[in-house]
Every structure is written in C-alpha cells, then in structure tokens.
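Chains, contacts and geometry: an overview
Next come the chains, spelled out residue by residue.
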Protein chains: 2
Amino acid sequence: MKVYYLGPPGTFGEQAALDYMHRTGLVAELVPLQSHPEIVAAVDGGMDCYGVVAIENSLGGAVIETMDSILASANVMVRAEHVLAIEQHLIAAPGLALENITVVMSHPQALSQCRIFLEKNLPGARLEASLSTVAAVEEALQTAGGAAIAPQRAAELLGGVILARNIQDVDNNMTRFLILGREDAAPTGDDKTSLAFTVPDKPGAVVSVMQEFSRRGINLTRIESRPSRQRLGEYVFLLDFQGHRLDDGPATALRAITEDVGARLLPAGRPLGSYPRFDG
Amino acid sequence: MKVYYLGPPGTFGEQAALDYMHRTGLVAELVPLQSHPEIVAAVDGGMDCYGVVAIENSLGGAVIETMDSILASANVMVRAEHVLAIEQHLIAAPGLALENITVVMSHPQALSQCRIFLEKNLPGARLEASLSTVAAVEEALQTAGGAAIAPQRAAELLGGVILARNIQDVDNNMTRFLILGREDAAPTGDDKTSLAFTVPDKPGAVVSVMQEFSRRGINLTRIESRPSRQRLGEYVFLLDFQGHRLDDGPATALRAITEDVGARLLPAGRPLGSYPRFDG
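Quick caveat: nothing in here was measured; it's all calculated off a predicted structure.

1. A short note on the side chain of Lys192 of chain B
Residue and element names in this part refer to chain B. Here Lys192 is to be found in strand β11 (residues 191-198). According to the relative accessible area criterion, Lys192 is buried, its value standing at 10%. A distance of 3.0 Å separates the side chain of Lys192 from the side chain of Glu81, its partner in a polar contact. Apart from residues no more than four positions distant in its own chain, Lys192 is found in contact with Glu81, Arg176, Thr221, Asp240, Phe241, Gln242, Gly243, Gly273, Ser274, Tyr275 and Arg277.

2. Focus on the nonpolar core
One finds Phe197, Val209 and Phe213 of chain A together with Phe197, Val209 and Phe213 of chain B to be the most contacted residues of the largest nonpolar core, which totals 41 residues. With sequence-adjacent residues up to four places away left out, Phe197 of chain A is seen in contact with Val209, Tyr235, Val236, Phe237, Leu239, Ala263, Arg264, Leu265 and Leu266 of chain A.

3. As for the pattern of salt bridges
Residue and element names in this part refer to chain A. Taken as a whole and assessed by the stated rule, the structure comprises 22 salt bridges over all chains. The closest approach of N and O atoms between Arg245 and Asp184, which form a salt bridge, is 2.6 Å. Remark: Asp184 occurs in the loop between β10 (174-181) and β11 (191-198) and Arg245 occurs in the loop between β13 (235-242) and α9 (248-259); sequence separation between them is 61 residues. What makes Asp184 buried here is its relative accessible area of 12%. For the salt bridge of Arg277 with Asp190, the shortest nitrogen-to-oxygen distance reads 3.0 Å. Of this pair, Arg277 sits in the segment after β15 (273-276) while Asp190 sits in the loop between β10 and β11; the two residues are 87 residues apart in sequence, bridging distant segments of the chain. According to the relative accessible area criterion, Arg277 is partly exposed, its value standing at 34%. Salt bridges sharing common partners tie together Glu81, Arg176, Lys192 and Asp240.

The rules we used
Residues numbered from 1 in each chain as written. Chains lettered and ligands numbered in written order. Predicted model: local features only at pLDDT ≥ 70, side-chain atom pairs only at ≥ 80, totals over all residues. Heavy atoms only, no water. Helix = DSSP H or I, 4+ residues; strand = E, 2+ residues; numbered from the N terminus. Buried < 20%, exposed > 50% of the residue type's maximum accessible area, 1.4 Å probe, protein only. Polar contact = N/O pair within 3.5 Å; in protein donor to acceptor, adjacent residues only side chain to side chain. Contact = heavy atoms within 4.5 Å. Core = buried A, V, L, I, M, F, W, Y, C linked by side-chain atoms within 4.5 Å. Salt bridge = Lys/Arg side-chain N within 4 Å of Asp/Glu carboxyl O.

See the structure below:
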C-alpha cells in the first residue's frame, strides 16, 4: 500500500497524510510526488494506493489544478477528508536567538503570510525566496544568521529549532485535504458526499438541483461554480452535502437531479465520493 | 487620482491596471502596494483612488485574502471587472539562446506552472526561487546562463528578451480582477452585480435566495460558499448575477432576499457593487 502526497517531506501535505494514517491506523509507504495532478494520475492509474491532495484554502492555490485533475480522472473517488491548521514557525539552527537573525528564507507565499511578524520583529532582516518551506530550512541551517519560515515537521526532520511559533498574520488558517482512492468509503451514519456537475442551459436549473436536496432536508455544506475548461460559458458546479450517497434521501435526490433536472455528474456519472465527516 | 495594485511593477496586477486604464481612458498615477489587504484598506480609507485586486483563479491564491479584506471594508465597492490571460514567458539577456540556459529563476509557483516545458526543453537546468517574477528577471539578467519565467511586461521594463512564449503547462489560464472604489458604476444595460451574504440557519434558505433571482429570469453567473471567519459553522455566500442592482428585476429580488428570506448583505447591507460586464 502506498500513500502519495505533495513533496518534499516536511510540508503540510506530508503532515496531512501522516495525520490521516495515524487516526485510521493505516500502515502504508509514504511517497512524495511533484504536483497534485501527478498524485491524481497515480491514483487513477494505480492499484493499492491512496493520494492526499489539498482542495480548499491551501498554501499555493492548488485548489483549481487539483479539482481539474480529479474531474479528468474517471477512476478516482474521494474516500476521506482531513482538515489541517496551517501553522508557520520561525526556524533556525540550535543556539541562534531572534536578535541574531539577518536573513529569513521561505517560499514567497509563506514569507508574505508572515509579513506583520517580520516587519515588527525582524525589520532589518533580508528576505530570500526558496522553492519550498523545507528547502528554506535546509538553506537556513547552512547560512550564518539564517532563519526559515516552515511548518513544525520541517524543523523536526532537519534538526532546526523553533524560535517563534505561529507567526502567520492570519490565525486560524485551515487547509482541507481529500484522500483519494479507487473506491469511496462505506456509510458510517455521519458522512459527507462531494459531487461535480453541469446543468442544462435553462434558467433555474441550478436552483432545481439544490431544491432536490433541500426538500429532503439534506444540508448543503459547500456550493461553488466555476467556468468549465471544456466549453466557454459552461459552468461546473461543485457541491458537498451531509449524508452518504447510499443513504435513502441522498440516493433519491441524486436520481432526481440526473433524471428529472438533467444534471450531468462529472467525471463518471456518479458522485466524486462519500466519506466520513471530519470532526477534528 | 491614484490606482493601487499589487507590486512590484511588471507583474500581472500592474498589467490589469494598465489595461483597465487604457480601455476606460482613465488617467491616474499607478501606485504599487505590498498586499491585497493593503490595497483594499487604502481604498476603504482614501478618497480619489481605485484599487485593482485579483479575485479568481490567480497566481498566488489571493482570492481568499482579497475577499476577506473586502468583506471587512464597509466603504469599498466593486466598480469594474477585468479578465487577463496569464501568459508566462522564458526571458533572458539579449544574445542568449535556449541552449545556453543553465539556471531558471522565478516565483516557485510560476516554476511549477511551467514544469512540462522545463522538463522537455531544459532538463539539465537548475531551478532557483525568487520573491517575484520581476525579481527573477532582474536576477537572471545578472547571472551567466540565467533565464527567468515572467510575464511580458517584466521583460519590457527590464530589457530582457523572450526566448519562448506561453510556456505554462495549462493554456487558457485566466485571472479575474476587480477594480474597487468608494462607489460602484452607473447602469449601462449590460452589467453584473456581486454580493456577499449570510442566511438564517434554516433549511432551504440559500435555495430561497437563488429562487428570488431565477423566478425573475435573472442569470446567476457565480455562486460560492465558504466558512465565515467570524463564526464557526456559519457560511458566507458569494453570488454574481447579470444585471445592475438599480434595474427593476434585481432591485425587487434584492429586497425580497433581505426582507422575505432574511439574508444579511455583507459588509454594509447592500451589494458589493454593480459594474459593466467585461467582454474582452
């Protein structure tokens, strides 16, 4: 069994994979890949493997490419979700103190997420870009007066020390990950279902879809629309609801939106998957 | 008159601001700021200025922080939209050819967006991170065998030459920008309106909101929901529709969703703004 994630080791993708394996008791080999599309393709074409991908509010704006890849992969299903708090720390070699730091390295996005801390506490420090937060820790540990902005696991892996915790400007920054496989999960009684669909080009079609859920008391937890990559002016809708696709109400609603409303479920004529709701 | 954009000069934010000024005949001083929240705050607190911010599908995943800032700024309104094709080029000093390139520099996100091109055409080149695409061009022009990945304007500003055009993996990558001011735009007959709202916590409330539009033949062009930053479990809905908030149908629908359905429009009890639809 393999679990693919967005490398290098030490980034939030690996942390999400480790957390998921820990809480489900899954034993597997962790394999870093270079992009979200590669992870989705590996699951789509492979057996006995899962993939962990960021889907909402992630560092790096991966949402769009991740969902595009999933929508192009008929064998991939969503089998779990995981939500991770994004916490950035200032990391340096053992023995250094905040007043010794003259250069701060990280992925430019992490640097810009911590701008208030840097302006207040290290106004004189030079900022230097790295290809990833983990590369930043490697470089900082070899640089006189160097510190990196990175997640805790990068410090653990590489032997850095945390000089300041949780230094990002916006607290409570969460990233939602999906765990992908060739099958989704069995009903547990507390599930969510994700689907993607297009609707016929007539007024009110989207409202009709939503009504099929609301009239059955099914709670929608996410709605999103975005332009289809296939046809200009066509929209793809992404929808999450509470419940499993095999539960009575959702099963009837799903039949109604395809047969009565004419919605087309992407990519394979069925929901993207049902899975246990993550409750921290 | 000032127009704020996300600096440094030469990035897509400046290009969007220039394009907008060109097509509307606006004469103003372009002022680079360091973050989207800073741009929104400058417009919220200032007179005689506009702000240009990326809102959808942007390099850098700016969507969430931009919208959060707008929702916290009661004086800011959306007065125009602009859509820009994101085209990345390989840029180097005059005289260099593709086979001379040994190191490629850029913002890590631009590097990862061009991975297929790089693997195919420059498999031996080293990748180096920069704080921005513009900084990458500056550095590349001073580095033997150096090239940068950046937009065309960065090459123009700094005297670089384009060695390969449109090298991003995914073609047709568009970013939508909003132009913010203290007032929105007057009706033109071909407008859009953006609103953000919360709904009372009862089943079907969101569907009721959408129905007030669809029953009046008003086309919804974007729907999105996301967790509110204020209260856990509360969702904020973002909705764009065709038409101006002062047009008859939209005006009635807006009254119905607040008075009958109980929706609360954010941040100031009115739509975020109405503005001419961008048609390229």
